[in-house]
Structure formats: structure tokens, C-alpha cells
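Breakdown of the fold
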Amino acid sequence: MVRMSAEERRESVIRAATIEFARGGYHGTSTEAIAKRVGVSQPYLFRLFPGKKAIFLAAAQRCVEDTIHTFAEAAEGLEGEEALHAMANAYTKVIADRPERLMMQMQMYVAVAAAEQEGDHEFGAEVRDGWMRLWDTVHLPLGADVDETTTFMAYGMLVNCLVAMGFPPGHRVWEGLYPSARAKGRLEH
């Protein structure tokens, strides 16, 4: 059996942490569960990351970076309404194919609020930095129009909430969204 490098193991931890945190949130997920999913000991986990917060932030950053990549790739060479629909279609595909990414996003927002209530503003600052990179990635293909970007991001958050709550495709709550933002049959649980 080929041994993984520390970097490969670190990537495994980030993938496992995304799944575990997506399910249980920051406070409801143990580092033991993450270590078990990866197949390493907790002490080894802490050789790769200094603590649970660092693991969560690495998973959160990966989630944001993957979403940025999804939007950038979908919008490449497009602008305006074409870019909008390409990004919306790409996002609905990602959340259907990788539901843990959607749930990790939702957990990120809850974790920021909880951390700030506890006086930890660094945590929120890191997540907000990622959000701003995401905003900028969407903003340019939409013609750097603040209203268009706000509407796109608002629809995205609505989609996140509807999918997280389990509203099936075809439910009347989807009717007001532009067609590319609507849940497709593949979003059924």
C-alpha cells in the first residue's frame, strides 16, 4: 500500500471535515469523527492542523474556493444574462451532486454568528473574506452591476435555504426563481 504524503492526508482531512461539519455543524462535530472518517488518529489530525477551528476554517475556505471555481468556470467568456444563467445552472448542478458543499456553506454562516457571539471575530473575518472573493467572482461577469450581483446572490441564498429545508423540485416555492435557479429533478432527496 502506498503511503500518503502529509499534503495528501491534509486534503483527505479537509474532504472528511467538510462532510462531517456539513452534517453536524462546528459545535456538533467532533475531531474524533473527522479522524475516524479519514482513518487517522486524533493526534495525527492535530499534527496536520493545530485544532478544530483550523480544520473548520480549512473546510470552509475549500468550500468557498470550490464555489468560486464553479462560478468562474461557468461564466468564462460570458457576460450579463448568459453568465448569470450559466453560473446558476452550474451551481444547481453542484448542490445536487455535492450536497455536502451546500450544507457546509449553511454551517459556515451559523458558525460565524456563534463565534462572534463568543467574541471570536477572526473566525468571521476569514469567512467574510471568502464571501467577498465569491462576490467579486460573480460581480464582474454580471457587468459589475451591484443590483444584478445582489439579486444573483440573494437567489443563491434562497436556493440554499429551500434545498436545505428539503423543498422538492416542482414545489410552488420555486416558481418565482428564474428557470436556471430553480431546483431540477436531481435535487430530490
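Residues numbered from 1 in each chain as written. Predicted model: local features only at pLDDT ≥ 70, side-chain atom pairs only at ≥ 80, totals over all residues. Heavy atoms only, no water.

**Here we look at the overall build of the chain**
Which entries qualify depends on this criterion: Runs of E in the DSSP output that reach at least two residues are strands. Runs of H or I that reach at least four are helices, and both are numbered from the N terminus. Our radius of gyration looks at C-alpha atoms and nothing else; its globule reference is 2.2 Å times the residue count to the power 0.38. Remark: exposure states derive from per-residue accessible area (1.4 Å probe, protein chains only) relative to the maximum for the residue type, with buried under 20%, exposed over 50%, and partly exposed in between. The contact criterion used throughout is that any non-hydrogen atoms of two residues lie within 4.5 Å. For the area figures, the Shrake-Rupley method with a 1.4 Å probe applies, and any residue is considered shielded solely by the protein chains shown. Note that His is not counted, nor are the chain ends; the positive residues are Lys and Arg, and the negative ones are Asp and Glu. Each charge is placed at NZ for Lys, CZ for Arg, CG for Asp and CD for Glu.
Along its length, the chain carries 8 helices and 0 strands. Against the 2.2 N^0.38 benchmark of 16 Å for 189 residues, the chain shows a C-alpha radius of gyration of 18 Å, consistent with a compact globule. Principal-axis analysis of the C-alpha atoms gives the chain an extent of 50 × 40 × 35 Å. Of all 189 residues assigned to the chain, the portion counted as buried reaches 44%. Within the chain, residue pairs in contact and separated by at least 24 positions form 59% of the contacts whose partners lie at least 6 positions apart. Roughly 10100 Å² of accessible area belongs to the chain as shown, and the carbon and sulfur atoms make up 54% of that amount. One way to put it: in the chain the 20 positive side-chain charges average out to a point 10 Å from where the 26 negative ones average out.

**Notes on unusual backbone geometry**
Positive phi, close to 55°, is recorded for alanine 144, a residue that is not glycine. With respect to the helices, strands and loops of the structure, alanine 144 is situated in the loop between α7 (121–139) and α8 (146–165).

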